[in-house]
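Chain by chain, the residues run as shown.
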Amino acid sequence: MRTLITNVVVHTMTSEPFKGEVLIENGVIKEAGYKVKNSEKIDETIDGKGGMLMPGFIDAHSHIGLNPDGQGYEYDDVNEYSDPVTSNVRSLDGFTPTDISIPEAAKGGVMIYCVLTGSANPVGGLSFIAKYSKKKNVKEMLIREDNGLKMATGENPKRVYSEQKKMPVTRMGTAAVIRKFFFDAKNYIEKVKKAEKEGKPFTEHDSKMEAAVMVLNKQIPARVHCHRAEDILTAIRIKKEFDIDMVIEHCTEYIKVKDEIKEAGIPILLGPIMSSRSKVELRDMTFNSYRVALEEGILFGCMSDHPVFPSEVLRLQAGMACNYGADEAGMLKSLTIMPAKILGIDDEYGSIEEGKKANLCLWNGHPFDARSKTIWNSVDGFLEV
Amino acid sequence: MILFKNGKCWYEGEFKKLDILVQDGRIKEIASGINPDETMEQIDMDQKTIYPGFIDPHTHVGVFEEKAGGFAGNDVNETSSPVTAGVRALDGLNPLDPGIMEARNAGYTTVCVLPGSANVIGGEGVVIKTAGTVADEMVVKTPKKIVKMAFGRNPQWHWGGRKTLYTRLQVAALVRDNLNKAKDYMNKEEKEYDYNMEVLSGLLKKESVARVHVANLEDIETIKRIMEEYDILYTLDHATALHTDKEVAESLKDVPVILGPLNVAGKSYQTYDLTFKSVQILNELGFKLSMMTDAPVIPLNYGIIQMWLIDKLRMDRKNILDMFTINPAKVLGLEDEIGSLEKGKYADFAVTDGDIFDVNTSIRDTYIAGVSVGGES
Amino acid sequence: MSTLIKNATIHPVTSKEFVGDLLIDNGKIVDCSHKIYAQADETIDATGLHCYPGMIEEHCHIGVHGEKTNQASDNDTNEWSDPITAQVRALDGIKPFDPGFKDAIGAGVTTLNIYPGSANPMGGIGVTLKNDLTVTYEKRIIKEESGFKMAMGENPKRAHSENGKKIITRMATAEKIRSAFRKALDYDKKEEKPYDMQCEAILKVLKGELQAHVHAHQADDIMTVLRIFDEFGIKPSFEHTTEGHLVADELAKRDIKCAVGPLFTARYKMEVNRRTLKTPGILEKAGVKDITLITDHPVIPINNLPIEAALACKNGLSKEEALRSITINPAINLGLDDRIGSLEIDKDADIILTDRELLDPTHRVLYTFVNGKIAYSMKEEGLII
């Protein structure tokens, strides 16, 4: 199956936009250029009518499918409140592919999402990455399982567990819970080693600890929900203490600690900023964060936190950032190649380059304009309108 | 008669070596070189400085007792309802509260005791002298009755969880509803006596003054709106944010403002704009400010620290002393009775061994109506 | 960068005051004498001014007790989820942009020791920060684990009788402390021990690596602490010490460090009913060394620290000790007297210039230097009261 898209402005995300063509073969981008060289045996040609062809957007922090829109308690699977440490739970196991928001997000150009557990627990659960599929089943949608371990600091864990009268009821407590989690994991590693050394079967498997070991071994990053500066600094401190990979989620007070974040080399996911300051820790929320992040040249993504801010209109949040002086091309990258890098899927997604998956959206106008819409979408080259 | 001989007196805004003659608790004469006769008991004040006794126009001493471990001595807020106009601070006042003793030892001779600020309409306040064992004998009658009210986040915060009042909208609505009821009450030809309504009628008839707890600017504006609507005499107590908007402040020039307590760390939304600079800003706008401790928030024996801290602003010290003496006397309508060393006024003195702004100065003696009642030991 | 302060009345605290010059270079005091002829990058004519070491607040909750904001969401003072939370650290709960830091620098307080609160018999670990707001938070830390906070008396009773009835009486507070110490000792003896954060923290105290600072008001609480600590062969240091004057001889005999204050609050708790301004003076006369005064900010504002010293002085404390109680004594108490607390050659250039004597409460702080840099200038930033 060879599809040729003609008459489009190609926004590759890795080079300057150009007017030209893109050839897709069996779901993979074969060629992109002013005129494709290998234009024989085309099964299908799509006339882009001068529209903009972009990689499908990647929403690296979303709860889509975990709390489907318009459903009640029975469908709310975002937070497992039963314990402050629930690294044994996986968002994949609560994912509802029939969530009405999923096709809406695709309409808004968001084709890939990382679905995380909520932020009630200092240690939440494992996340996964999915792509849009018409087939509405998890198997079709799944890109990567267990790609990160959600953690949370700040107000949310405090609020939830002070009601339950359990640790943590303060930020100090949250840090202690997370540290204990990693120390316990180190103890667990020792136990496993000891059993190995003694040639005995290991009979004390602990799925909470298995997740922690993955983080300590740098197989997956800790995905830490932080709004306030002090929470961000605490996360960085813990990263250094345990030598782990980390992504800071939300990062509302990014500007106040931009130097520390740059020095620590931690990628961040900024957002949602197009929402109200519903909590005290959101008081200093500002669109300027995007501009500053671009100026600083750090790796960041623009995220929705769906359903907090609907994934469908994620593009408008990026557009608003331009209103605050952020560079337009930079903001497009924060929806595509940069989150792909943060999620570790940039070998397949995030830009229009030869060999990458044909995760594409054709827009009839600029996506930052609310009136624009996608006129043709594809995931891995399969037509998905 | 008692003759206080040759003291360095804080008199008409400056220090003068004067003699003070006291008869029946009041100043009969204040002048230099009063000739003593045998009917006079003479007290040598040669090495002493005499200030008018200090006045705190907003405290809770006696109703919120110290050394009582909380609940037992706490009668400051009648939180059975957000409107308790009919309760009176005097009825909960324990004259033996150690806070009152320390007040007189620290040179405070007159304080106004108010109900707390949990309720929208808290009840009646009372002015007392700080010495005595029977509250009724300590009372100083004021020309106008005092009614405590509270606006803004204090009542909201207190009542929020109790299904009576959730928003500041309801705070204002409760005030209006009750004042409307009081109007109707006044106009009824046949009425059953209702103490709450009597108190509120007093406000409408200008026989009483509303003493309004307020912090934030938006609430100050709401108070102004309502008080003007009902034509009520009122004061702004705390008024933490008044200095932040000069235009609003200018429009409230005729309203007495009682600042404080300022020597506290900023802890909440209400105290967001708390700063000693408000003293300077409002003083420059021409306000005749008074200073409160809100005792026991700041115990009265540490009230003097606020005076020292205000002095860091390097304002005219006369203005600072006025905030602790004559200005609060005016707020209470007692400017002809207390607040300065003047003929005819009560012989309420704070006698020191030096300048009150010097930390090493001690209150050697406190006199109320010419009687020595305390001092720093 | 070198700065020369000329012709000030210099109060070294550890020796007699004199009129002279002080030279700062590279963050340190390099000379302090009657006349310095050296050239400096910057010269400040301090004629008529007083020069003191920056004050040290040995006990406050700035940053952990968030100010000027919603109390519940920003208050991280007490991890009250359990009576023993030895593993939590104030460091992880501090909001570095809290307005209290500015109040402190404006008042001339250059070093802050911040503890968790007193709800728990073992509340957690404190941190000492240089109050230099020009550098990032992590760089302000001068002692990451500055003291082990414990508490006796009313507060643990109140907190834990409300929260799960874990402590009802003072007897239970003592029992919790004993049990925690014993548990840590047992842990230490184990041949194989999975890392336990809580026991490790307590072990540091038992091994004398971390000083226990015990919140105690009443004399009986003080004596209970001494009884328990005797059993375990360690020495406490006291915070508040409200009835210290009643057991002054015992404290002197044992050479116990005492921090006294805050002295100006209402006596709203039974355990502070016998509080008096005379306590510091009585302790001094009994022979207690290195008496420290504290504000417990925000219990009373941090700018009251020199006023406490002045009033303690008026009530019997010698003038020399009054000055020491807010400078070198807290430095000794924290084990940092080799670096801070007095104007001596080779010490950190933490210096304040005032227009009147420090123990005159009407003084203004004109400059605050931290590590040789101007951290606050009244002329530039306006007066902070």
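What counts, and where the lines are drawn
- Residues numbered from 1 in each chain as written.
- Chains lettered and ligands numbered in written order.
- Predicted model: local features only at pLDDT ≥ 70, side-chain atom pairs only at ≥ 80, totals over all residues.
- Helix = DSSP H or I, 4+ residues; strand = E, 2+ residues; numbered from the N terminus.
- Rg over C-alpha atoms; globule rule 2.2 N^0.38 Å.
- Buried ≥ 20, exposed ≤ 12 C-beta atoms within 10 Å, placed from the backbone.
- Contact = placed C-beta atoms within 7 Å.
- Nonpolar A, V, L, I, M, F, W, Y, C, P; charged D, E, K, R; others polar.
- Domains from an automatic or database assignment.
- Pairing = 2+ DSSP bridges.
- Expected span 1.5 Å × (residues − 1).
- Arc of directions from axis to C-beta.
- Core = buried A, V, L, I, M, F, W, Y, C linked by C-beta atoms within 7 Å.
- Axes fitted to C-alpha atoms, helices over the stretch in contact; angles between N-to-C directions.
- pLDDT = per-residue confidence, 0-100.
- Parallel < 35°, antiparallel > 145°, perpendicular 65-115°, else oblique.
- Left-handed = near helix turned anticlockwise from the far one by under 90°.

## Details of the overall build of chain A
1) Next: If you tally the helices and strands in chain A, you get eleven helices and 16 strands.
2) Next: On C-alpha atoms alone, chain A measures out to a radius of gyration of 21 Å, which is about the 21 Å that the 2.2 N^0.38 rule sets for 385 residues.
3) Next: Based on the C-alpha atoms only, the size of chain A along its principal axes is roughly 65 × 50 × 45 Å.
4) Next: The buried share of chain A, reckoned over its 385 residues, is 54%.
5) Next: Here the contacts in chain A between residues at least 6 apart in sequence split such that 70% fall between residues at least 24 apart.

## Describing the overall build of chain B
1) Next: When helices and strands are tallied, chain B shows eleven helices and 16 strands.
2) Next: A compact globule built from 377 residues should have a C-alpha radius of gyration of about 21 Å, and chain B, at 21 Å, falls within 12% of that.
3) Next: C-alpha atoms of chain B, sized along the principal axes, occupy 65 × 45 × 40 Å.
4) Next: Counting over 377 residues, chain B shows a buried share of 55%.
5) Next: When contacts within chain B are restricted to residue pairs at least 6 apart in sequence, long-range pairs at least 24 apart make up 69% of them.

## So, the interface of chain B and chain C
1) Next: Counting residues at the interface gives 24 residues for chain B, matched by 28 residues for chain C.
2) Next: Taken together, the residues of the side of chain B that touches chain C sort by class into 13 nonpolar, six polar and five charged.

## Thoughts on the environment of Ala347(B)
1) Next: Tracing the sequence through the fold places Ala347(B) in the loop between α11 (326–331) and β14 (349–352).
2) Next: When sequence neighbours within four positions are dropped, the list of residues in contact with Ala347(B) reads Val22(B), Gly25(B), Arg26(B), Ile27(B), Tyr367(B), Ala369(B) and Gly370(B).

## Digging into the interface of chain A and chain C
1) Next: Taken together, the contacts link 29 residues of chain A with 32 residues of chain C.
2) Next: Taken together, the elements giving at least two residues each to the side of chain A that touches chain C come down to α3 (155–163), α4 (171–197), α6 (229–242) and α7 (258–264) of chain A.
3) Next: Broken down by element, the residue count for the side of chain A that touches chain C peaks at ten residues, all from α4(A).

## Regarding the domain arrangement of chain A
Residues and elements named next belong to chain A.
1) Next: If you check the domain split of chain A, you get domain 1 (1–56 + 350–385) and domain 2 (57–345).
2) Next: Taken together, the contact pairs 17 residues of domain 1 with 24 residues of domain 2.
3) Next: If you list the elements that add at least two residues to the side of domain 1 that touches domain 2, you get β5 (52–55) and β15 (374–379).

## Description of α3(A)
1) Next: The complete set of buried residues in α3(A) reads Glu155(A), Asn156(A), Pro157(A), Lys158(A), Val160(A) and Tyr161(A).
2) Next: Buried residues in α3(A) make contact with β9 (142–152) and α4 of chain A together with α1 (71–74) of chain C.

## Here we look at the pairing of strand β5 (residues 49–52) of chain B
All names here are of chain B.
1) Next: Along β5, one buried face is formed by Thr49 and Tyr51 and the opposite face, lined by Ile50 and Pro52, is buried too.
2) Next: Of the pairings in the sheet, the one linking strand β1 (residues 2–11) to β5 comprises two bridges and is parallel in character. Across the sheet, the residue bridging to Cys9 is Ile50, located in β5.

## A short note on helix α5 (residues 170–189) of chain C
Residues and elements named next belong to chain C.
1) Next: Spanning 20 residues, α5 covers 29 Å between terminal C-alpha atoms, matching the ideal 28 Å at 1.5 Å per step.
2) Next: Considered for burial, the residues of α5 that qualify are Thr173, Lys176, Ile177, Ala180, Phe181 and Ala184. Looking down the long axis of α5, one finds its buried residues gathered within 125° of arc, a one-sided arrangement. Every exposed residue of α5 that faces more than 90 degrees away from the buried side is listed here: Met171, Asp186 and Lys189.
3) Next: The inward-facing, buried residues of α5 contact β8 (122–130), β9 (141–151), α4 (154–162), α6 (197–206) and α7 (219–231).

## Observations concerning unusual backbone geometry
Peptide bonds are, in most cases, trans, and in most cases residues other than glycine have a negative phi.
1) Next: Between Ala295(B) and Pro296(B) the backbone carries a cis peptide bond, its omega angle lying at 10°.
2) Next: Along the chain, Pro296(B) falls in the loop between β13 (290–291) and α9 (303–311).
3) Next: Geometrically, the link from His297(C) to Pro298(C) is a cis peptide bond, its omega value of 10° lying close to zero.
4) Next: Relative to the elements of secondary structure, Pro298(C) occurs in the loop between β13 (292–293) and α10 (305–314).
5) Next: In the Ramachandran plot, Asn26(A) falls in the positive-phi region, its phi being about 50° despite a non-glycine side chain.
6) Next: By secondary structure assignment, the location of Asn26(A) is in the loop between β2 (18–25) and β3 (28–33).

## Quick notes on the nonpolar core
Most often, soluble globular proteins keep nonpolar side chains buried together rather than apart.
1) Next: Leu270(A) and Cys51(C) are the most contacted members of the largest nonpolar core, which totals 338 residues.
2) Next: No other element matches the nine residues that α4(A) contributes to this core.
3) Next: If we ignore the near neighbours within four places in the chain, the residues touching Cys51(C) are Ile5(C), Ala8(C), Thr9(C), Ile10(C), His11(C), Leu22(C), Ala46(C), Leu343(C), Ile351(C) and Leu353(C).

## Some remarks on the sheet that holds β9(A)
All names here are of chain A.
1) Next: Strands sit in the order β6-β7-β8-β9-β10-β11-β12-β13 across an open sheet of eight strands; the sheet is mixed. Edge positions in the sheet fall to β6 (57–62) and β13 (300–302), since each of these pairs with one other strand and no more. Averaged over all pairs of adjacent strands, the angle between their axes in this sheet comes to 25°, without regard to strand direction.
2) Next: Here three bridges tie strand β11 (residues 246–250) to strand β12 (residues 268–270), and the two strands are oriented parallel to one another.

## Quick word on the pairing of strand β9 (residues 145–150) of chain B
Residue and element names in this part refer to chain B.
1) Next: Extensive coverage of β9 is indicated by the burial of five of its six residues.
2) Next: Examined bridge by bridge, strand β8 (residues 121–129) and β9 share four bridges and lie antiparallel to one another. If you follow Gly125 over to β9, its bridge partner there is Ile146.

## Quick notes on the confidence of the model for chain B
Detailed conclusions should not be drawn from predicted coordinates in areas where pLDDT is low.
1) Next: Summary statistics for chain B give a mean pLDDT of 95 and a share of 99% for residues scoring 70 or more.
2) Next: Across the interfaces of the predicted complex, the ipTM metric reaches 0.95, alongside a pTM of 0.93.

## Brief notes about the sheet that holds β13(C)
All names here are of chain C.
1) Next: One open sheet holds the eight strands; their spatial order is β6-β7-β8-β9-β10-β11-β12-β13, and the pairing between them is mixed. Two strands close off the open sheet at either side, each with one partner strand: β6 (55–60) and β13.
2) Next: Sheet topology places strand β7 (residues 109–114) next to β8; four bridges connect them, and they run antiparallel. Bridging across to β8, Asn113 finds its partner in Thr128.

## Observations concerning the packing of α9(B) against helix α10 (residues 317–324) of chain B
Residues and elements named next belong to chain B.
1) Next: It is at 10 Å that the axes of α9 and α10 come closest, and there the two elements cross at 155°. Considering the angle they form, α9 stands roughly antiparallel to α10. Of the two possible hands of crossing, α9 and α10 adopt the one that is right-handed. Residues Met307, Ile310 and Asp311 of α9 touch α10, and the partners they reach there are Arg317, Ile320 and Phe324.
2) Next: Within the contact of α9 with α10, the residues separate by chemical class into four nonpolar, no polar and two charged.

## Quick notes on the environment of Gly147(C)
All names here are of chain C.
1) Next: Tracing the chain through its elements places Gly147 in strand β9.
2) Next: Exposure remark for Gly147: the 27 C-beta atoms within 10 Å place this residue in the buried category.
3) Next: Sequence spacing of Gly147 and Ala219 is 72 residues, and the spatial spacing of their C-alpha atoms is 22 Å.
4) Next: Setting aside chain neighbours within four positions, we find Gly147 in contact with Asn113, Tyr115, Gly126, Gln211 and His213.

## Side note on the environment of Lys194(A)
1) Next: One can find Lys194(A) in helix α4.
2) Next: Sequence separation between Lys194(A) and His250(A) is 56 residues; the distance between their C-alpha atoms is 40 Å.

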